[in-house]
Amino acid sequence: MKQFSLIKDLRKELSKERKKGKTIGFVPTMGALHEGHLSLLNRSKAENDITVCSIFVNPVQFNNKNDLELYPRNLAQDLKILEKTGCDLTFAPEVIEMYPEGLPDHFTIDFGYLERTLEGKFRQGHFKGVAIVVKKLLDIVEPHKAYFGKKDYQQLLIIRQLAARLQLPVEIIACETMREPDGLAMSSRNLRLTIGERKIAPVIYEVLSYVKDNSGIMSVKKLKNWAIKKIQKNPGLIVEYFEIADNETLLPIVKWDQKEKAIACTSIYLGDVRLIDNIELFS
Ligand code: PAF
C-alpha cells in the first residue's frame with residue numbers, strides 16, 4: 001500500500017496508473033475506520049483496478065468547534081486497517097495541504113432546500129463544507145467511481161447533485177448502511193458513546209424499523225409522533241429531528257400517496273453524541 005500526504009505526489013502516482021489504463025475507485029473518509037468504511041472499500045476493490053482511500057477530518061464541514069476537536073482520530077490504526085483490507089493508495093493530507101489559503105467559507109453551488117433541511121437546519125454550512133472538500137478530493141483523485149454510504153443519506157443526495165451540476169466525470173455509488181448485530185448504524189461517532197449509552201443506542205433502529213413496518217398503516221403524523229415519544233422515553237435520548245420525507249427532494253411527506261419514495265430520517269442526541277440514521281420505507 002502506497003501512502004501519500006501531498007497532492008502532487010498522489011497525482012503523479014495516479015497519472016501513471018491511468019496511463020496503464022487502470023480504473024480508479026475512491027473512498028473518501030474522515031478516518032476512525034469501521035466495518036462501514038470497509039464495505040465501501042471492498043466494493044471499490046471489486047469494481048476497480050486501483051482503490052484510493054482518503055483520510056481527512058475536514059474542518060470546513062464542522063459547525064461546532066467541540067465536535068471537530070472530539071472527532072476520533074487514529075491515523076496509525078486506520079493505515080493498518082487499510083493495509084489489511086488491500087487498499088492500494090492512501091491520501092492523508094494536513095489541513096494546510098488542502099487549504100493553503102485558509103479555510104474557505106463559500107461554495108459556488110447553492111443546493112437550495114436540500115442543503116437547508118434536516119441536517120442543514122441544525123448544522124449550518126455543513127453541506128457547503130462537504131461539497132468543498134469532496135469537489136477538491138474528486139479533482140485530485142479523478143476517480144472513475146466514488147463510494148458513499150447511505151447512512152449519510154442527505155450527504156449522498158448533495159454529492160450526487162454536485163457531480164451532476166458540475167458534470168464531473170465520476171460515477172457516484174451509493175452503498176447500504178452497515179449495522180452492528182443489534183441494529184445500531186456503524187459510525188465513527190459510536191466510539192464516543194459510554195458503555196451505558198451504547199446499550200440504549202439500538203432503540204434508534206428499533207424505532208426506524210417499526211416506522212417502516214407501519215408505513216401506510218398509521219398516518220404519517222401519528223407515526224412521527226409515536227417515534228419521537230418512543231425514543232425520548234429512554235433517558236439521555238433527545239430527538240433533534242425525525243422526519244418522513246421524499247427520498248430525492250427531502251421535502252416532508254404528509255400523506256402516504258407518494259409512498260414509494262419515502263424515507264424516515266432522524267438525528268438524535270445520546271448524551272453529548274449526535275447520531276443520525278435513516279430507513280427507506282416501502283423498499
Ligand atoms: O462522510 C464523510 O466521512 C465525510 O463527510 C466525507 C464525505 C469524507 C467528506 O469529508
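Before reading on, note that the structure itself is shown above.
Residue positions are counted from 1 within each chain, in the order its sequence is given. Restriction of local features to residues with pLDDT of at least 70 applies here, the model being predicted, together with a cutoff of 80 or more for giving and counting side-chain atom pairs; totals for whole chains, interfaces and linings are based on all residues. Only heavy atoms go into the side-chain values, all of them from the structure, while hydrogens and water stay out.

J.: Explain the site of the ligand here, please?
T.: When at least one non-hydrogen atom of a residue lies within 4 Å of a molecule or strand, that residue is treated as near it. By nearness alone, every residue bordering the ligand is listed as Pro28, Thr29, Met30, Gln61, Val133, Phe148, Asp152 and Gln155. Think of a polar contact as two N or O atoms within 3.5 Å of one another; within protein, one of them needs to be a possible hydrogen donor and the other a possible acceptor, and neighboring residues in sequence only count if both atoms come from side chains. Within the side chain of Gln61, one N or O atom sits 2.6 Å away from an oxygen atom of the ligand. Take Gln155: an N or O atom from its side chain is 2.7 Å from an oxygen atom of the ligand. Compared with its free state, where it exposes 290 Å², the ligand has 89% of that area covered by protein. Here the shell around the ligand is built from residues that sort into four nonpolar, three polar and one charged. Surface exposure here means Shrake-Rupley accessible area, sampled with a 1.4 Å probe, where a residue is shielded only by the protein chains that are shown. As a working rule, the residues Ala, Val, Leu, Ile, Met, Phe, Trp, Tyr, Cys and Pro are called nonpolar, Asp, Glu, Lys and Arg charged, and the rest polar, with Gly in that last group.

J.: Teacher, can you tell me more about the packing of helix H11 (residues 203-214) against helix H12 (residues 220-232) here?
T.: How two helices sit against one another is set out by the angle between their axes and by the gap between those axes. Contact geometry for H11 and H12: axes closest at 10 Å, N-to-C directions at 160°. By the angle between their axes, H11 is roughly antiparallel relative to H12. H12 is crossed by H11, and the crossing has right-handed handedness. Touching Val207, Tyr210, Val211 and Asn214 of H11 are Leu223, Trp226, Ala227, Lys230 and Ile231, all from H12. For helices, the fitted line uses only the C-alpha atoms of the stretch in contact; every axis is such a line through C-alpha atoms, and the angle between N-to-C directions lies from 0 to 180 degrees. Strands here mean DSSP runs of E at least two residues long; helices mean DSSP runs of H or I at least four residues long; both are numbered from the N terminus. Should an angle lie under 35 degrees it is considered roughly parallel, over 145 roughly antiparallel, and from 65 to 115 roughly perpendicular; all remaining angles are considered oblique. Crossing chirality is assigned from the near helix's rotation relative to the far helix, an anticlockwise turn below a right angle marking it left-handed and a clockwise turn marking it right-handed. In this analysis, two residues are considered to be in contact whenever any of their non-hydrogen atoms come within 4.5 Å of each other.

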